[in-house]
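These are the residues of each chain, in order.
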Amino acid sequence: MPETFFGAIADDFTGATDLAAMLSRAGVPVTLRIGLPGPGAVPAPFEVIALKIRTTPPEDAVSEARAALRWLRKQGAQRLFWKYCSTFDSTPQGNIGPVADALMNDLGVERTVHCPAFPENGRRVFMGKLFVGEELLSESPMKDHPLTPMRDSDLQRLLAPQVRRETALVALPVVRAGAAAIAEAIAARRGHVVVDAVETEDLAAIAAAVAEMPLVCGGSAIAQPLPALWRAAGAVARADATLPVPAPGQVVLSGSCSAMTRKQVGRYLDAGATGYRLDPLELAKGQLTHAREWLAAQDPAAPKIIFATAEPKSVAAAQEALGVTRAGALVEEALAQLAQDARAMGIARIVVAGGETSGAVTRALGVESLTLGPEIAPGVPWCFTGDGAALALKSGNFGAETFFTDAFALLGDGPSAAAS
Ligand SMILES: Nc1ncnc2c1ncn2[C@@H]1O[C@H](COP(=O)(O)OP(=O)(O)OP(=O)(O)O)[C@@H](O)[C@H]1O
Ligand SMILES: O=C(O)[C@@H](O)C(=O)CO
């Protein structure tokens, strides 16, 4: 059996932990790499490589994804997965389509499937249209995303300007006809085949139909049933690990402005956590010292949160004054610095909200790989760094309103001042 069986490339860090959590549910050994692994990396049967290429220029995204693919294939990976956001976060330029095209070229395949649906988290695809909860994607809060505002819900229409191949749809009636019908419909199409999925059971049927495909693209939920199918086929083995206990001390760092994160931040503050609000306009004047001093003065064990999380109006004002990229970068750099400060003061349990933010924080902490711990909410696990720290990288819209309290409670921190 080759060292690595399954290899995934994720376009952001929360997406990578989300996928790793879904695969881990089947009890298979998953290693999460932060960026391209170095020469000494020991390959695991399930490898997830976290990149930060959701909003980079498409040519950079393609080149990083291809390098990750080369590494994964060198380790023996036979099944490849391109993990992007369940809300299809992208721009007309990319990067979902360009990377998918490049991976198809390198793998020499003429078709792949796209399945962002994640019913457990309210993402469903019907007749090729993506829904978030009860709303179309383009009518959901994702229309106001700071970096990738989603103003259309039709996946083929979103993909078309991003790709060089044709797009196609396998619609729900076919999906409901079962795995054989889905496989037949996919085989009859070429290029980028969007597959509908409304319920978790749909994903089970789709997974059975695509388990032998060299490349699958989508959200994490379509990957969840795959390890069990491969285990049943004798391709991979189960391996339960003993989980480490991370050192104490806690902080939440939030750079996500999603509707759910806004509620979670409010709820955490209402419940008694101490908070510090970062303002991009102040950061632009070079004023991070105050936040660093504030953090240094806190009790490492006490519930606390530093957040740039703000309402769409305030985000738009900062972006108008500073530009979208600079406003985002200022916040990410600030939270990355504060994460380093937190570690230096002995804080080992860090929750980060937001995919881009998680990328910045994880890189600043010099983390190269993570092992998977318990799942706090669907798609959000605790991850262990190997040097006593635990990170929870929360996708913007994931988790219940009590997520931050839930996260620390799962590690045995509590009852706390922020208990809800
Ligand atoms: N107040 C603010 N004004 C302008 N930009 C902000 C503000 N707060 C955060 N940002 C930027 O918005 C972006 C939020 O993206 P991020 O990926 O971290 O969160 P998200 O999109 O909610 O999460 P996910 O990608 O996991 O769904 C980051 O670049 C962050 O720096
Ligand atoms: O798929 C999702 O919604 C998440 O894993 C994610 O990618 C958020 O950044």
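Residues numbered from 1 in each chain as written. Chains lettered and ligands numbered in written order. Predicted model: local features only at pLDDT ≥ 70, side-chain atom pairs only at ≥ 80, totals over all residues. Heavy atoms only, no water.

Below, the discussion takes up the site of ligand 1. The full set close to ligand 1 counts 25 residues, and His145, Ser256, Glu332, Glu356 and Thr357 are the nearest of them. Interatomic distance of 2.4 Å between a side-chain N/O atom of histidine 145 and an oxygen atom of ligand 1. At a separation of 2.8 Å, an oxygen atom of ligand 1 approaches a polar backbone atom of glutamate 356. Protein coverage of the free-state accessible area of ligand 1, which is 640 Å², stands at 97%. Take the shell around ligand 1: its biggest share by element is 4 residues, from helix H13 (residues 324–344). Classifying every residue of the shell around ligand 1 by side-chain character gives 10 nonpolar, 11 polar and 4 charged. (Near = heavy atom within 4 Å. Polar contact = N/O pair within 3.5 Å; in protein donor to acceptor, adjacent residues only side chain to side chain. Areas by Shrake-Rupley, 256 points an atom, 1.4 Å probe, with all protein chains shown as cover. Helix = DSSP H or I, 4+ residues; strand = E, 2+ residues; numbered from the N terminus. Nonpolar A, V, L, I, M, F, W, Y, C, P; charged D, E, K, R; others polar.)

To continue, consider the site of ligand 2. With respect to spatial proximity, the complete set of residues near ligand 2 consists of Asp12, Thr14, Gly15, Asp18, Arg54, Lys83, Tyr84, Cys85, Ser86, Ser395 and Phe398. In the environment of ligand 2, an oxygen atom lies 2.6 Å from a nitrogen or oxygen atom belonging to the side chain of aspartate 18. Within the side chain of arginine 54, a nitrogen or oxygen atom sits 2.7 Å from an oxygen atom of ligand 2. Relative to its unbound accessible area of 270 Å², ligand 2 is 95% covered by the protein chains. Ranked by residues supplied to the shell around ligand 2, first place goes to helix H1 (residues 13–24) with 3 residues.

Judged by pairing direction, the sheet is antiparallel, and its 3 strands sit side by side in the order E6-E7-E8 without closing on themselves. Either end of the sheet is taken by a strand with one partner, and the two such strands are strand E6 (123–126) and strand E8 (135–136). Across 2 bridges, strand E7 (residues 129–132) lies against E8 in antiparallel orientation. Across the sheet, the residue bridging to valine 132 is glutamate 135, located in E8. (Pairing = 2+ DSSP bridges.)

The next point concerns the pairing of strand E18 (residues 390–394). Buried residues dominate E18, accounting for 5 of its 5 residues. Neither face of E18 is left uncovered, since the one carrying Ala390, Ala392 and Lys394 and the one carrying Leu391 and Leu393 both have all their residues buried. The pairing of strand E15 (residues 349–353) with E18 spans 5 bridges and is classified as parallel. Looking across to E18, one finds that alanine 353 is bridged to lysine 394. Pairing between strand E17 (residues 380–384) and E18: 3 bridges, direction antiparallel. (Buried < 20%, exposed > 50% of the residue type's maximum accessible area, 1.4 Å probe, protein only.)

Turning to the environment of isoleucine 350, a few remarks are in order. Tracing the backbone shows isoleucine 350 in strand E15. The buried category is assigned to isoleucine 350, whose relative accessible area is 0%. Remark: the alpha-carbon pair of isoleucine 350 and isoleucine 9, spanning 341 residues in sequence, is separated by 24 Å.

The next thing to look at is the UniProt feature "domain: Four-carbon acid sugar kinase nucleotide binding" (unreviewed entry) in the protein chain. According to UniProt, the "domain: Four-carbon acid sugar kinase nucleotide binding" (unreviewed entry) feature falls on residues 251–404. Structurally, residues 251–404 is divided into 45% helix and 23% strand, and its ends, taken at the C-alpha atoms, are 9 Å apart. (UniProt positions renumbered as here; feature names shortened; annotations may be inferred.)

Below, the discussion takes up the environment of valine 132. The topology assignment puts valine 132 in strand E7. You can call valine 132 buried: its relative accessible area is 14%. Once residues within four sequence positions are removed from consideration, valine 132 is found in contact with Thr87, Gly122, Arg123, Leu137 and Ser140. (Contact = heavy atoms within 4.5 Å.)

On to the pattern of salt bridges, then. All told, the structure shown has 24 salt bridges when counted by the stated rule. Across the pair arginine 79 and glutamate 212 runs a salt bridge whose closest N-O atoms are separated by 2.5 Å. Taken as a pair, arginine 79 in strand E4 (residues 79–83) and glutamate 212 in the loop between helix H7 (200–210) and strand E11 (215–218) lie far apart in primary sequence, 133 residues in all. Classification of arginine 79 by relative accessible area gives buried; the value is 12%. Relative accessible area serves as the criterion here: at 56%, glutamate 212 is assigned to the exposed category. Note that aspartate 202 and arginine 176 form a salt bridge whose closest N and O atoms lie 2.7 Å from each other. (Salt bridge = Lys/Arg side-chain N within 4 Å of Asp/Glu carboxyl O.)

Looking now at the pairing of E15. Of all 5 residues in E15, 5 are buried, a share of seventy percent or more. Burial along E15 is two-sided: the residues Arg349, Val351 and Ala353 and Ile350 and Val352 are all buried. By the bridge criterion, 5 bridges tie strand E12 (residues 250–254) to E15 in an arrangement that is parallel. Each residue of the ladder has a partner; that of serine 254, found in E15, is alanine 353.

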